[in-house]
Amino acid sequence: MIDSQNGYGSVRWGLSGLKLWALWLALAPICLPFLASAEGAAHHVVHISADGLGGVYLKEYLAESPAEFPAFRRLARQGACTFNARCDSHLSLTEPNHSSMLTGRPVLQQPTNVTFSAPHGFTVNYDPGPPWTLHNFGNPAVPYKASVFDVVHDHGRSTAFFAAKEKFAMFVRSYDADHGAPDAVGPDDGRNKMDWSQIIDWGGPDHVRRNDSNLVSRVLERLSAAPPAYTFLHVAGPDIAGHYYLWGSPEYRQAVREVDRHLGRILAAIEANPALSNRTAIVLTADHGGGDSSGSHVHPDELPTFTIPLMLWGPEAPAGRDLYDLFSNRAEPGAQHLDHDAPRQPLRNGDSGNLALALLGLPAIPGACLVPEWKPRLRIEPAAGTMVLAWPVTAAAFDLEYSDVSSGGRWTRIAEGIVVENGWNRFSFTPSLQLPARFYRLVRAAAP
Ligand SMILES: [Zn+2]
Ligand SMILES: [Zn+2]
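Given the structure is predicted, the values throughout are model-derived calculations rather than measurements.

Novice: It is not clear to me how the overall build of the protein chain should be interpreted in this structure. Could you clarify?
Specialist: Looking only at helices and strands, the protein chain has 12 helices and 16 strands in total. A burial count over the protein chain gives 47% of its 448 residues as buried. For the protein chain, contacts bridging at least 24 residues in sequence account for 72% of all contacts bridging at least 6.

This is the structure:
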């Protein structure tokens, strides 16, 4: 069974022989790896950024009055989530953080363990207008900054982009037929990486609710007509309410309820459509929170601003899990403000693009360094007369270990008999009714 104590996949064999075997077979589907990077379970991903949605506020609202936030509650209960992810450590502004979400790059910092030029370098919070793009306006050492849209589109799948701020035209322009890179993968799907794009932004704070709602309607139309593999949706409500009425104000809370309503419409549309149901995942995050000592979100080192939610929902999502449990290179940061060099990196909004790609079974964005690494989970494959433990081969090395005591015992590394095949490690053993209970687990291999 999965041993959640150490966080890694762990299975157990033994005790009362055949009965337990039968129980195991019944439980085997639970042990399937959750969306291991080697195989995506989703045909469609809707990647949502709720502008200015602070993790501290959302967490409090859900704890105090869950009935008023039914869609967020569903995401938290049926999916894996954290309210304690981070925005970029150096800039907590909208345009730079969305650049990170789409490229998997930090805004400014070059992590010392990264060997290529990592920051996207787009530090302004406006659209500088043509001829400027993310490529020629940002970090000049990276003349082309590939995005989630490049990977999905170049793999021959469709993409859509919906945003509620006019300055997001910079993203559309950066990946259009003139500025997108030539297709790097398989058949030539052209240079325009966004198959559909729409921006609705007019009328200021009085109209943001209607703008966001209209955008969601466009998303639902697109999902029902020809669902894109990857849909990016930005809604502006919480940010606008935060700026006008302050983060945490009744008006801000109401704007978060509006986001819940948008999310509820999307969930309902997914469930009502057989082409989407059980095949569509949602990744939800925010560019930044807000309500720091400036009353806004200009201090990336202040907790209400740097704390944001990151939620995953969809097929095979482990219900009710802390999102941090799913990744081997991310760690719950508590209340700390950590830069991109901290040894234990928190989950960030800049991870969300690569999470969407992993859910689709696609590789990470070229040049991205914000790449969460899924923990491998042990899978049981019963075969005639033997049992097979399988786990995906990943970049980091994991060791299979066994123990004859469930806790406090000595774990022994299994060095022999592991066969690598089609991206999976497999270890076969013959169950014996005479054996005492035997436990297996995966642990990160010690550094040589
Ligand atoms: Zn923003
Ligand atoms: Zn703002």
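Novice: Would you mind going over unusual backbone geometry with me for this structure?
Specialist: Leaving glycine out, the prevailing phi sign among residues is negative, and the prevailing peptide bond configuration is trans. Note the cis peptide between Pro 130 and Pro 131, where omega equals 5°. As for its position among the elements, Pro 131 is in the loop between helix H4 (94-103) and helix H5 (134-137). Even without a glycine there, the phi angle at Leu 246 is positive, about 85°. In this structure, Leu 246 sits in the loop between helix H9 (237-245) and helix H10 (250-272). Look at Leu 246 and you get partly exposed, because 15 C-beta atoms sit within 10 Å. Here the phi dihedral of Asn 278 falls at roughly 65°; this positive angle occurs in a residue that is not glycine. Positionally, Asn 278 belongs in the loop between H10 and strand E7 (280-285). Classification of Asn 278 by C-beta neighbours within 10 Å gives partly exposed; the count is 13.

Novice: What exactly am I supposed to notice about the sheet that holds strand E11 (residues 386-392) here?
Specialist: Note on sheets: strands pair through backbone hydrogen bonds, and any given pair is parallel or antiparallel. In spatial order, the strands read E10-E11-E15-E14; together these 4 strands make up an open sheet with antiparallel pairing. Of all the strands in the sheet, the pair left with one neighbour each is strand E10 (379-383) and strand E14 (418-421). Put simply, the sheet's adjacent strands are angled 30° from each other on average, direction ignored. As judged from the 5 bridges shared by E10 and E11, these two strands associate in the antiparallel manner.

Novice: Would you explain the packing of helix H8 (residues 208-225) against H10 in this entry?
Specialist: How two helices pack is summed up by the angle between their axes together with the distance between the axes. Where H8 contacts H10, the two axes come as close as 10 Å, and the packing angle between them is 10°. When the axes of H8 and H10 are compared, the pair comes out roughly parallel. Only Glu 258, His 262, Arg 265, Ile 266 and Ala 269 of H10 make contact with H8, whose side of the interface consists of Arg 209, Asp 212, Ser 213, Val 216, Val 219, Leu 220, Leu 223 and Ser 224. When the residues that make up the contact of H8 with H10 are grouped by side-chain class, the tally is 6 nonpolar, 3 polar and 4 charged.

Novice: How should I be thinking about helix H3 (residues 70-78) in this particular structure?
Specialist: Along an α-helix, a turn takes 3.6 residues, which lines up residues three or four apart on a common side. Among the residues making up H3, those that are buried are Ala 71, Phe 72, Leu 75 and Ala 76. On an axial view of H3, the arc spanned by its buried residues comes to 140°, and they lie on one face. Where the residues of H3 are buried, they touch helix H2 (55-64), strand E3 (80-86), H10, E7 and strand E8 (307-313).

Novice: What is the right way to look at helix H12 (residues 352-359) in this model?
Specialist: Among the 8 residues in H12, 8 count as buried, and that is most of the element. Among the residues of H12, Ser 352, Gly 353, Asn 354, Leu 355, Ala 356, Leu 357, Ala 358 and Leu 359 are the ones counted as buried. Buried residues in H12 make contact with strand E2 (44-50), H4, helix H6 (148-154), strand E6 (230-235), E7 and E8. Among the residues trailing H12, Gly 361 stands out with phi positive, at a value near 75°.

Novice: Teacher, can you tell me more about the sheet that holds strand E5 (residues 196-199) here?
Specialist: Read from one edge to the other, the open sheet built from 8 strands follows the order E5-E4-E6-E2-E7-E8-E3-E9, with strand pairing classed as mixed. Two strands in the sheet have a free side with no partner beyond their single neighbour: E5 and strand E9 (321-322). The pairing of E3 with E9 spans 2 bridges and is parallel. What sits directly across from Ala 80, in E9, is Arg 321.

Novice: Looking at this structure, I do not really get the nonpolar core. What am I missing?
Specialist: Here is a general trend for soluble globular proteins: nonpolar side chains tend to be buried in one another's company. By size, the foremost hydrophobic cluster in this structure holds 96 residues, and its most contacted members are Leu 312 and Leu 360. In terms of nonpolar packing, the next biggest core, distinct from the first, is built from 11 residues, Ile 380, Trp 391, Phe 398 and Leu 442 among them.

Novice: Would you mind going over the confidence of the model for the protein chain with me for this structure?
Specialist: A low pLDDT means the predicted coordinates there should not be read in detail. When pLDDT is averaged across the protein chain, the result is 88; 88% of the residues are at 70 or more. For residues 1-39, every residue scores under 50 in pLDDT, and the model assigns this stretch 77 contacts once sequence neighbours within four places are set aside.

The rules behind each value
Residues numbered from 1 in each chain as written. Chains lettered and ligands numbered in written order. Predicted model: local features only at pLDDT ≥ 70, side-chain atom pairs only at ≥ 80, totals over all residues. Helix = DSSP H or I, 4+ residues; strand = E, 2+ residues; numbered from the N terminus. Buried ≥ 20, exposed ≤ 12 C-beta atoms within 10 Å, placed from the backbone. Contact = placed C-beta atoms within 7 Å. Pairing = 2+ DSSP bridges. Axes fitted to C-alpha atoms, helices over the stretch in contact; angles between N-to-C directions. Parallel < 35°, antiparallel > 145°, perpendicular 65-115°, else oblique. Nonpolar A, V, L, I, M, F, W, Y, C, P; charged D, E, K, R; others polar. Arc of directions from axis to C-beta. Core = buried A, V, L, I, M, F, W, Y, C linked by C-beta atoms within 7 Å. pLDDT = per-residue confidence, 0-100.

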